[in-house]
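Topology and contacts: notes
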Amino acid sequence: MEKSEVLVKERELVIPGQTLAVGLDFLPSSGCYRVDNEIKSKLLGLVKLKDRFIGIVPLAGVYIPRQGDGVIGLVEDMQTTIWVVDINSPYDAILPLGEAVGEYVDLNKTDISIYFDIGDLIYAKVLNVSKSKQVQLTMNDYRSRKLIGGRVLTITPSKVPRLIGKEGSMIELIKNKTRCQIIVGQNGVIWLKGEREGLASKAILTIESESHTTGLTDRITAMLDKDE
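Residues numbered from 1 in each chain as written. Predicted model: local features only at pLDDT ≥ 70, side-chain atom pairs only at ≥ 80, totals over all residues. Heavy atoms only, no water.

1. What to know about the overall build of the protein chain
When its secondary structure is counted, the protein chain shows five helices and 17 strands. Once the C-alpha set of the protein chain is aligned to its principal axes, its extents read approximately 65 × 50 × 30 Å. Residues classed as buried in the protein chain amount to 43% of the 228 residues present. Across the protein chain, contacts joining residues at least 24 apart in sequence account for 55% of those joining residues at least 6 apart. Per element, the accessible surface of the protein chain, about 12,200 Å² overall, is 51% carbon and sulfur. Separation between the mean location of the 29 positive side-chain charges and that of the 30 negative ones in the protein chain comes to 5 Å. (Helix = DSSP H or I, 4+ residues; strand = E, 2+ residues; numbered from the N terminus. Buried < 20%, exposed > 50% of the residue type's maximum accessible area, 1.4 Å probe, protein only. Contact = heavy atoms within 4.5 Å. Areas by Shrake-Rupley, 256 points an atom, 1.4 Å probe, with all protein chains shown as cover. Lys, Arg positive; Asp, Glu negative; His and termini not counted. Charge placed at Lys NZ, Arg CZ, Asp CG, Glu CD.)

Structural data, given as structure tokens:
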């Protein structure tokens, strides 16, 4: 039997059609497909390895973290003094205990999952990004918190400025018309919670798909007014 082997490294840049692994011990995830005994890439992007799964994060529209960005992330792992957070980027982020909790924690007596657990959604700030793209988060910001309930949308990160609008005008329009709390991460992840989440979601996704067009504010206003 042919030996199973991964031929690429985490975060390696690959091109469409490139063979990523051979053998049946590995499984294709998003951005990949299998041909006989091989897993190949569908697109230009960065490799993401998770257990037996091989995926590709598309290079077009990908979120590259920058210091000071506010991001919405999903806690995907915990270690003794850190949380590992998926921030919709090729690069996972680390939230250290000292940047998450403003008090002394006796690790001999405390399970850090009482603060954040796997599966929790958080809003945090990017504290720093190293040259090797190691991303560190902090909760030391008045807006940072765990996000409970509501719903989550993901849009292309480059469309975030259009969603926010000049001096926050577009997102405030949606908040006011739908009576929803809305938090927009620079990483393209949006959390919303309120009376008319469906309408808010429809407006946000319309802005993403029509961000290049003129008269968008008027069309969004008409959409929100029509459904009131």
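Alright, that's what it looks like, and here's the rest.
2. Comments concerning the sheet that holds strand 1 (residues 5-6)
Pairing within the open sheet is antiparallel, and its four strands lie in the order 1-3-6-5. Here the strands that pair on one side only, and so sit at the sheet edges, are strand 1 and strand 5 (32-35). Sheet topology note: the strand 5/strand 6 (residues 38-41) ladder contains four bridges and is antiparallel. Counted as the bridge partner of Tyr33 is Lys40 from strand 6. (Pairing = 2+ DSSP bridges.)

3. Remarks on the sheet that holds strand 17 (residues 189-194)
Strand order in the open sheet made by the three strands is 15-17-16, with antiparallel pairing throughout. The sheet is open, and its two borders are formed by strand 15 (151-154) and strand 16 (180-184), each paired with just one other strand. The sheet shows a mean angle of 20° between the axes of neighbouring strands, direction not considered. Strand direction decides the pairing type here: strand 15 and strand 17, joined by four bridges, are antiparallel. What sits directly across from Val152, in strand 17, is Trp191. Strands strand 15, strand 16 and strand 17 of the sheet are contacted by helix 4 (residues 197-209), whose axis makes an angle of about 150° with strand 17. (Axes fitted to C-alpha atoms, helices over the stretch in contact; angles between N-to-C directions.)

4. Some points on the packing of aromatic side chains
For the coordinates displayed, the defined rule picks out one aromatic pair. Centre to centre, the rings of Trp83 and Phe116 are 5.4 Å apart; their planes meet at 85°, and the pair counts as edge-to-face. One end of the pair, Trp83, is in strand 10 (residues 82-86); the other, Phe116, is in the loop between helix 1 (97-100) and strand 12 (121-129), and 33 residues separate them in sequence. In this pair, the class of Trp83 matches that of Phe116, namely buried. (Phe/Tyr/Trp six-rings, centres within 6.5 Å; stacked < 30°, edge-to-face > 60°.)

5. Things to note about the layout of surface pockets
Estimates place the volume of the largest pocket at around 290 Å³. Lining the largest pocket we find 21 residues, and of these Asp86, Asn88, Ser89, Thr154 and Val189 sit closest to its centre. Within the residue set of the lining of the largest pocket, elements represented by two or more residues are strand 8 (53-58), strand 9 (70-78) and strand 15. Sorting elements by how many residues they give to the lining of the largest pocket places strand 9 first, with three residues. (1 Å grid on protein atoms, 1.4 Å probe; cavity = no way out; pocket = protein on both sides within 12 Å on 5 of 7 lines; lining within 4 Å. Points joined across faces, edges and corners; volume = space filled by probe spheres on them.)

6. Thoughts on the pairing of strand 16
When you tally the buried positions in strand 16, you get four out of five residues, the bulk of the element. Relative to strand 17, strand 16 is paired through five bridges, and the arrangement is antiparallel. Bridged to Ile183 within strand 17 is Trp191. Between strand 16 and strand 17, which pair antiparallel one after the other, the connecting turn spans four residues, and Gly188 there sits at a positive phi close to 85°.

7. Points about the environment of Leu49
By secondary structure assignment, the location of Leu49 is in strand 7 (residues 45-50). Once residues lying within four places of it in the same chain are set aside, the contact partners of Leu49 are Val6, Val8, Lys9, Glu10 and Ile54.

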